[in-house]
Amino acid sequence: MKLLSSLRPNTLVPGTLAFAAMALAPAALAQTPEQVAEAALEAAPVFDGHNDVPIQLRARLQNMIADFDFVDTTDTGAEDGSTMHTDLTRLREGKVGAQFWSVYVSPAMEEPEAVQATIEQIDVTRRLIDRYPDDLALALTADDVERAVREGRIASLMGMEGGHSIGSSLAVLRQMYAIGARYLTLTHSRNTPWADSATDDPEHGGLTDFGRQVVREMNRLGMLVDLSHVSEATMADVLDIASAPVIFSHSGARAINGHARNVPDSILRRLPENGGVVMVVGLPGYLSEDMRQWNARRQAERARLESLWQGQPDSAAAALEAWDAANPAPTATIADMADHIDHVRQVAGIDHIGIGGDYDGMPTGPQGMEDVSGYPALFVELARRGYSQADLEKIAMGNVLRAMRQAEAVAAAQADMDPIETPAS
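Throughout what follows, the structure given in this document is the object of discussion. (Residues numbered from 1 in each chain as written. Predicted model: local features only at pLDDT ≥ 70, side-chain atom pairs only at ≥ 80, totals over all residues. Heavy atoms only, no water.)

## A look at the packing of helix H1 (residues 33-43) against helix H16 (residues 389-413)
Direction vectors running N to C along H1 and H16 enclose 45°, while the axes themselves pass 9 Å from each other. Taken together, H1 and H16 sit at an angle that is classed as oblique. For the pair H1 and H16, the crossing hand works out as right-handed. For the pair formed by H1 and H16, the contact residues are Val36, Ala37, Ala39, Ala40, Leu41 and Ala43 on the first element and Gln389, Leu392, Glu393 and Ala396 on the second. Looking at side-chain class alone, the contact of H1 with H16 contains eight nonpolar, one polar and one charged residues. (Axes fitted to C-alpha atoms, helices over the stretch in contact; angles between N-to-C directions. Helix = DSSP H or I, 4+ residues; strand = E, 2+ residues; numbered from the N terminus. Parallel < 35°, antiparallel > 145°, perpendicular 65-115°, else oblique. Left-handed = near helix turned anticlockwise from the far one by under 90°. Contact = heavy atoms within 4.5 Å. Nonpolar A, V, L, I, M, F, W, Y, C, P; charged D, E, K, R; others polar.)

See below:
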């Protein structure tokens, strides 16, 4: 098995947010943006909120990873030509120091099937971590994250993407926490029986009573509540009752791109009171408004052509190909991603921004950040816009680590509380 251990340990102070290099010498005032970004990422490497390597292992390898080489995945082109965005080499190049691996399963699954598949995704993720002990370290707490970074290993955490993964059961939720899950995205693209999704027709008006119990039990456990994918009403309901900071593991600002998956200003304005963090996504369709509009036009054109060429799929496909040639897709750039960060800072403040790339869960990242190696380029762009080294350290790792530590403190304060009981179905 190949191993990589080239990253020099970073000097984080255990149990605090006092990252080394926070105090700048006078000479630092003359630093270039590249130097500011490099210093920030050396002191506080990226703590990324969302990476979909686990579902790639399921889709490409059926979770059979004995012969899988995670040092270099650049030869993993599938039948459609897609290559994985993530491997140990590129994580090092991207200055990633901590990673939430998404244990995603399709929301189309029936709940019992989804529960089993989620456990299988947790299993394959833990097996991947165990195969590379010099490079990856399972992290269950904020202290674990800091320890791994000091040791030069990539702290590896797991987040469940979609509330269907708990089968509408608080008992299952607790057992998922016991085997390592440290956040739950309350919905994916569809509603759950207890929470509305951003991309499904409203069914509950936000959270149901059981949904509120889910949030309270997550707070009691110390599991982060992830509001990516949920409706604005669900976001608001969670903020009304949450006793710990929430996260958006991979979302943008809706004022910059109007996709329903992005966070509206009404919610951004509430984050300072909650302490939550928007981990800004890298998916081009959520970054560029031009691309969102183009996607809508293409979807409408596809529907028109399928109606015109009913029963003639080859003719419809040829016509759509001609439309694509005449209407090339716009591109999203690093500057677009930085625009979302700027907006979150303007509305919520510097203490509420993180990074949640969504690599290996999308066709590509923005131009210049096509895979996980591109994070330093984003931080250079932010430094060019006037973000200080201290600002960049907060965005890279400090803010989400602080939110995680606060969630742990809330759980510790409720340690004497009994689990919430619900009747077995």
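Back to the write-up after that little detour.
## As for unusual backbone geometry
Even without a glycine there, the phi angle at glutamine 62 is positive, about 55°. Relative to the elements of secondary structure, glutamine 62 occurs in the loop between helix H2 (53-61) and helix H3 (88-93). You can call glutamine 62 exposed: its relative accessible area is 55%. With a phi angle near 60°, lysine 95 is a residue other than glycine that sits in the positive phi range. On the secondary structure map, lysine 95 appears in the loop between H3 and strand E2 (96-104). (Buried < 20%, exposed > 50% of the residue type's maximum accessible area, 1.4 Å probe, protein only.)

## What to know about the nonpolar core
Judged by nonpolar contacts, the single largest core of 86 residues is most densely connected at Phe70, Leu173, Leu184, Leu186, Leu378 and Phe379. When residues of this core are assigned to their parent elements, the largest contribution, six residues, is made by helix H15 (residues 375-384). In this structure leucine 378 touches Ile334, Met337, Ala338, Ile341, Ile355 and Met369, once residues within four positions along its chain are discounted. Within the second largest apolar cluster, 25 residues are counted, among which are Val149, Leu157, Leu224 and Met404. (Core = buried A, V, L, I, M, F, W, Y, C linked by side-chain atoms within 4.5 Å.)

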